[in-house]
Each structure stands twice: as structure tokens, then as C-alpha cells.
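Given next are the chains, with one letter for each unit.
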Amino acid sequence: MEKVLQLEGRNYQWKKHFFDPLKPLLARVPIIPVYGNHEYQTKKFKHYFRPPLNSKGKENHNYSTFVYQSVRFINLNSSAGSRTKRQLKFLKNTLYRAERDPNIKFVIAQFHHPHLSEIWPDGEKKYSRKMVNIFKSFSKRSKKQTVIFTGHAHSYAKGHDHDGRLTFITVGPVGGHLDRWDSKSRDYLTIHKTISHHGWVRVDVDGDEMKISRLGSLPRDRNTGKVRVVDQTILNRKKFEVEAPEIYSASIKGSRLFYKASPIKVLGSANKHLSTQIKLIYANTKKVAHLNRENIYSGYRKIIDTLSDSKLNLRYYGKNVKEIQIRYRSNNLDWGPWSKSFKVKQ
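All residue numbers here refer to positions counted from 1 along the written sequence of the relevant chain. Restriction of local features to residues with pLDDT of at least 70 applies here, the model being predicted, together with a cutoff of 80 or more for giving and counting side-chain atom pairs; totals for whole chains, interfaces and linings are based on all residues. With hydrogens and water set aside, each side-chain value is computed from the structure's full complement of heavy atoms.

Participant: It is not clear to me how the pairing of strand 7 (residues 191-195) should be interpreted in this structure. Could you clarify?
Facilitator: A regular strand carries its side chains on alternate faces of the sheet. Residue burial is assigned from relative accessible area. The probe radius is 1.4 Å, only protein chains are included, and a residue is buried under 20% of its type maximum, exposed over 50%, and partly exposed in between. Secondary structure counts use DSSP, requiring at least four H or I residues in a row for a helix and at least two E residues in a row for a strand, with both numbered from the N terminus. The buried count for strand 7 comes to 5 of 5 residues, which makes it a mostly enclosed element. Should DSSP find at least two bridges between two strands, the strands are taken to pair. Pairing analysis gives 4 bridges linking strand 5 (residues 156-160) to strand 7, with the strands arranged antiparallel. Bridge pairing in strand 7 places Lys158 opposite Lys193. The pairing of strand 7 with strand 15 (residues 294-297) spans 2 bridges and is parallel. Each bridged residue has a counterpart across the sheet, and for Thr194 the counterpart in strand 15 is Tyr297.

Participant: Is there a simple way to think about the sheet that holds strand 18 (residues 323-330) in this case?
Facilitator: Taken in spatial order, the 4 strands make up an open sheet running 14-13-18-19, and their pairing is antiparallel. Each edge of the sheet is formed by a strand with only one pairing partner; in this case those strands are strand 14 (286-292) and strand 19 (342-343). Bridge analysis of strand 13 (residues 273-281) against strand 18 gives 8 bridges, and the strand direction is antiparallel. Within the sheet, the bridge partner assigned to Leu280 lies in strand 18 and is Ile324.

Participant: What should I look at first to understand the environment of Leu218 in this one?
Facilitator: Tracing the chain through its elements places Leu218 in the loop between strand 9 (209-216) and strand 10 (228-236). Along the primary structure Leu218 and Ser117 are separated by 101 residues, whereas in three dimensions their C-alpha atoms are 20 Å apart. Any two residues having at least one pair of non-hydrogen atoms within 4.5 Å are treated as being in contact. In contact with Leu218, not counting residues within four places along its chain, are His197, Arg228 and Val230.

Participant: What should I look at first to understand the pattern of salt bridges in this one?
Facilitator: Opposite charge on two side chains makes pairing possible when the charged atoms of those side chains draw close. We define a salt bridge as a side-chain nitrogen of Lys or Arg found within 4 Å of a carboxyl oxygen belonging to Asp or Glu. The final tally for this structure, using the stated rule, is 15 salt bridges. One salt bridge in this structure joins Arg129 and Glu124, with 3.3 Å as the shortest N-O distance. Overall, the relative accessible area of 13% leaves Glu124 in the buried class. Among the salt bridges present, the one from Asp231 reaches Lys193, with a minimum N-O distance of 2.5 Å. Within this pair, whereas Asp231 is found in strand 10, its partner Lys193 is found in strand 7, the two being separated by 38 residues in sequence. Since its relative accessible area comes to 5%, Asp231 is described here as buried.

Participant: Please explain the side chain of Asn292 as it appears in this structure.
Facilitator: Relative to the assigned elements, Asn292 resides in strand 14. Only 2.8 Å separates the side chain of Asn292 from the side chain of Ser275, close enough to count as a polar contact. Discounting chain neighbours no more than four positions away, the residues touching Asn292 are Leu189, His192, Leu274, Ser275, Ile304 and Leu307. Definition of a polar contact: a pair of N or O atoms within 3.5 Å, with one able to donate and the other able to accept a hydrogen when the atoms are protein atoms, and with sequence-neighbouring residues admitted only if both atoms are side-chain atoms.

And the structure:
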């Protein structure tokens, strides 16, 4: 899902910059890349890479799908000239089949342009958002763990949809230029981490569990060449019940809401606390706020030790909160039910 080679490229460039460095890997593992903005639908890309055959036994370099064991893989083209309604229809039909197939435990998709990029918002594409919206609807209906891999932005990023069991990861570059945080960069609530470093992502599926590991070197490893696990996500196809929390106290001091509640309890699993939603109840309306345990970007690292005893800045919500309800989400992307409403002390 990341760029393979700039423009057409000469044969010696493909050999020097792609095939030779990856020779140990290519000898053992098949590679199915998707178009990036630098390939520009070139003839050499089509010559070197063969997509999976479609149901009619034909090749389609723009979009394709295949099943390996319990995973449905979907390859899409988000580049200019290929952002078609036909591809969106293909995606909907493919997910329709995946939803009804009990043998499909996970869905993995890849396309080049992210729908959201904290570090480089100019790299976002509206067409990618259309595709992600289709995945959102699918994950909410099917409850199947779905992961989208993208490239384009030269940094690693990971986030989760607020509603469905949908994870989106920008893989970033193995080498070369890195994007850095600047005045145009944005902190998105659905993106939990953005880290500028070289690396790659490995996915391991074992039965009902999928492990996604970000491997690479951090700045402090520059002189040693050490490769470490920079980030890891473990997703299970099973839904583990998250109990409704009990609120112990809620009060407003200045512009902040302080609350304390029972800790998260996930039945049959050791899953940790990923997020908390707070339903703010006013006299005539309701609003929902979202808190994530982690928010990492550009050297900024915010870790909330406990999402059951925390605070919320009411600057964007208004202070006249009468009551609140809260609910918890586990690392497995399972939401629990809302708590009983609790009166806020002003």
C-alpha cells in the first residue's frame, strides 16, 4: 500500500531499489501491492505484479479480492483515474459475501491514500473516505474485525472507528523521507497514535486471534540498528462482554467535569480499557464526548492511567450539564452498555 517505485522506473532501478533489497523476503512470501500515486498505472508495475484472478478468471489491477484461510483480503485503488463507482460497488458486493460467510473471521483491506492523516492532512482523499464509510457500515453490521492498511503519508499511524470493530493503520515507509509534524497537522480523535519512524507491519492470525505488530527502529536505535516492537494490537473475533460501569461521583470545577466510576470489567478476557464515552445530559439536549487512553503525536504523549477516574474539558460542550452516563470500550473494540444516569454536582 506504500509506494513501490517512482514513475515508470528503469529495469535496473527495479532491481537495485526493490527486488535486490527484498530478495530474502520475496523468495518466501508472495507480495500483492496496490497502486500508489507514484506508480501512475505504469506498464512495468503491471508487468512485475499479477493480481489475484477475479471470478471470471481475469486480472484486474485496480481492485481484487481473495481468501486465505479465515481472512478475506481486499485490494483497492485510491489513485486518480480509478476512483470509480464501479469499484465502490465491487467493495460493497465483496463485503456482502464476507458478512454472510461464517468461515471468514477477519477482513483485511489495503489501498494507498488514507481517509485521515494527522501528520499530513493534505494527503487525505475524499474517495478514501467513501470506501472507509462502506467498511464502517460493514463492521457495525457484521461485528467482524476489519483492518484497513494505507500508505501515502510517511509516518506510522493507528486508529479505530468509534462505533464498529474497524481499525485503520497507515504503515509508513521502510526507509527514506519521514513526514514531520507542522502547522498544518491535526490531532484527530479517532487516531490514537502517529509516530514518525521507519518500519513495517506484520500480521499474525492464529485461530480466533489477529496480532498486528509495528516493527522498526526509533531514533535512539540509530547507531545500533536495533529492531523493536514499537506498537502492537491484538484483536479477537469473539465479542467479550463489557459490564456497565457504576458512577460514584461527578462534579464540575471550573471548565472541567470530574468523574469517578467502577473500573472496566470484561467477562472472560483480560482485555484492557481502550476508551470511555460520556453522555452529557443537559436540560433540552444530549451530547457524547469521547476519551481515549492513548493520544500520541509529534512528541506529545498523553496516557490516561485510568479512564474510570478522569476528567473532561467542557470547553466545546458547555458547562450546564445536569446528569451524565458513561460506557466503556475494551482493547478488543467491544463496547459495553451505558451506566445509569448520575446527577452532576455543580
